[in-house]
Amino acid sequence: MTNQPPNTATDTDPSVRAELERLRESIDNIDAAVVHMLAERFKCTQQVGRLKAEHRLPPADPAREARQIARLRQLAENARLDPAFAEKLLNFIIAEVIRHHETIARS
């Protein structure tokens, strides 16, 4: 007889299933908060894009982006989150913001 892990949720101890469910509910709540925070962030960056377009400023601001990346890397380190991951995430967000600013500038 081998010591194999359970292969279905029903084979798992009820206390383990309950803890797993509790943790997953927390993850779901955090995901919802992240989405809402990103939506708020993009509302602000849309306003920045309109202001830039109105004053004929370039959609990208490399100096600001570099400061933001450095700032976010430090925040990530303080939060014990991989700074490289945080930078990748911010770069993805920045690329989307610039795309929005370019679209606003063309309209």
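Residues numbered from 1 in each chain as written. Predicted model: local features only at pLDDT ≥ 70, side-chain atom pairs only at ≥ 80, totals over all residues. Heavy atoms only, no water.

Asks: Please set out the layout of surface pockets residue by residue, giving values where relevant.
Replies: Roughly 770 Å³ of volume is contained in the largest pocket. Along its surface, the largest pocket is lined by 28 residues, and Arg41, Gln68, Leu90, Ile93 and Ile94 are the ones closest to its centre. Listing elements by their share of the lining of the largest pocket, those giving two or more residues are α1 (14-54), α2 (62-78) and α3 (83-106). A breakdown of the residues in the lining of the largest pocket according to their chemical character gives 19 nonpolar, three polar and six charged. (1 Å grid on protein atoms, 1.4 Å probe; cavity = no way out; pocket = protein on both sides within 12 Å on 5 of 7 lines; lining within 4 Å. Points joined across faces, edges and corners; volume = space filled by probe spheres on them. Helix = DSSP H or I, 4+ residues; strand = E, 2+ residues; numbered from the N terminus. Nonpolar A, V, L, I, M, F, W, Y, C, P; charged D, E, K, R; others polar.)

Asks: Any details on the packing of α1 against α3? Residues and values, ideally.
Replies: Where α1 meets α3, the axes come as close as 9 Å, and the angle between the chain directions of the two elements is 40 degrees. Taken together, the axis directions place α1 and α3 in an arrangement best described as oblique. Relative to α3, α1 is oriented so that their crossing is right-handed. Residues Leu38, Arg41, Phe42, Thr45, Gln46, Val48, Gly49, Arg50, Lys52 and Ala53 of α1 form the contact with α3, whose own contacting residues are Leu90, Ile93, Glu96, Val97, His100, His101, Ile104 and Ala105. For the contact of α1 with α3, the residue count by class is nine nonpolar, five polar and four charged. (Axes fitted to C-alpha atoms, helices over the stretch in contact; angles between N-to-C directions. Parallel < 35°, antiparallel > 145°, perpendicular 65-115°, else oblique. Left-handed = near helix turned anticlockwise from the far one by under 90°. Contact = heavy atoms within 4.5 Å.)

Asks: Any details on the packing of α2 against α3? Residues and values, ideally.
Replies: Here α2 crosses α3 at 145 degrees, and the two axes come no closer than 9 Å. The chirality of how α2 crosses α3 is right-handed. Where α2 approaches α3, its residues Glu65, Gln68, Ile69, Leu72, Arg73, Ala76 and Glu77 are matched on the opposing element by Pro83, Ala84, Ala86, Glu87, Leu90, Asn91, Ile94 and Ile98. Residue composition of the contact of α2 with α3, by class: nine nonpolar, two polar and four charged.

Asks: Now, about the pattern of salt bridges: what can you tell me, with residues and values included?
Replies: A complete count under the given rule lists four salt bridges for this structure. One salt bridge in this structure joins Lys43 and Glu40, with 3.1 Å as the shortest N-O distance. Note that Lys43 and Glu40 are positioned in helix α1 at a spacing of three residues, about one turn of the helix. For Arg99, the salt bridge goes to Glu96, with nearest N and O atoms at 2.5 Å. Separated by three residues within a single helix, Arg99 and Glu96 lie in helix α3, roughly one turn from each other. Residue classification places Glu96 among the partly exposed positions, given a relative accessible area of 25%. (Salt bridge = Lys/Arg side-chain N within 4 Å of Asp/Glu carboxyl O. Buried < 20%, exposed > 50% of the residue type's maximum accessible area, 1.4 Å probe, protein only.)

Asks: Let's hear about the side chain of His100: which residues, and what values?
Replies: Tracing the sequence through the fold places His100 in helix α3. The residues touching His100, leaving out its near neighbours within four places in the chain, are Phe42 and Gln46.

Asks: So what's going on with the side chain of Lys52? Which residues, and what values?
Replies: Here Lys52 lies in helix α1. Buried charged residue Lys52 carries no salt bridge. Nearest counter-charge: Asp61, at 5.3 Å. At 2.9 Å, the side chain of Lys52 forms a polar contact with the backbone oxygen of Pro59. Residues in contact with Lys52, not counting those within four places in the same chain, are Leu57, Pro58, Pro59, Ala60, Asp61 and His101. (Lys, Arg positive; Asp, Glu negative; His and termini not counted. Polar contact = N/O pair within 3.5 Å; in protein donor to acceptor, adjacent residues only side chain to side chain.)

By themselves, these are just geometric observations and shouldn't be taken as functional.
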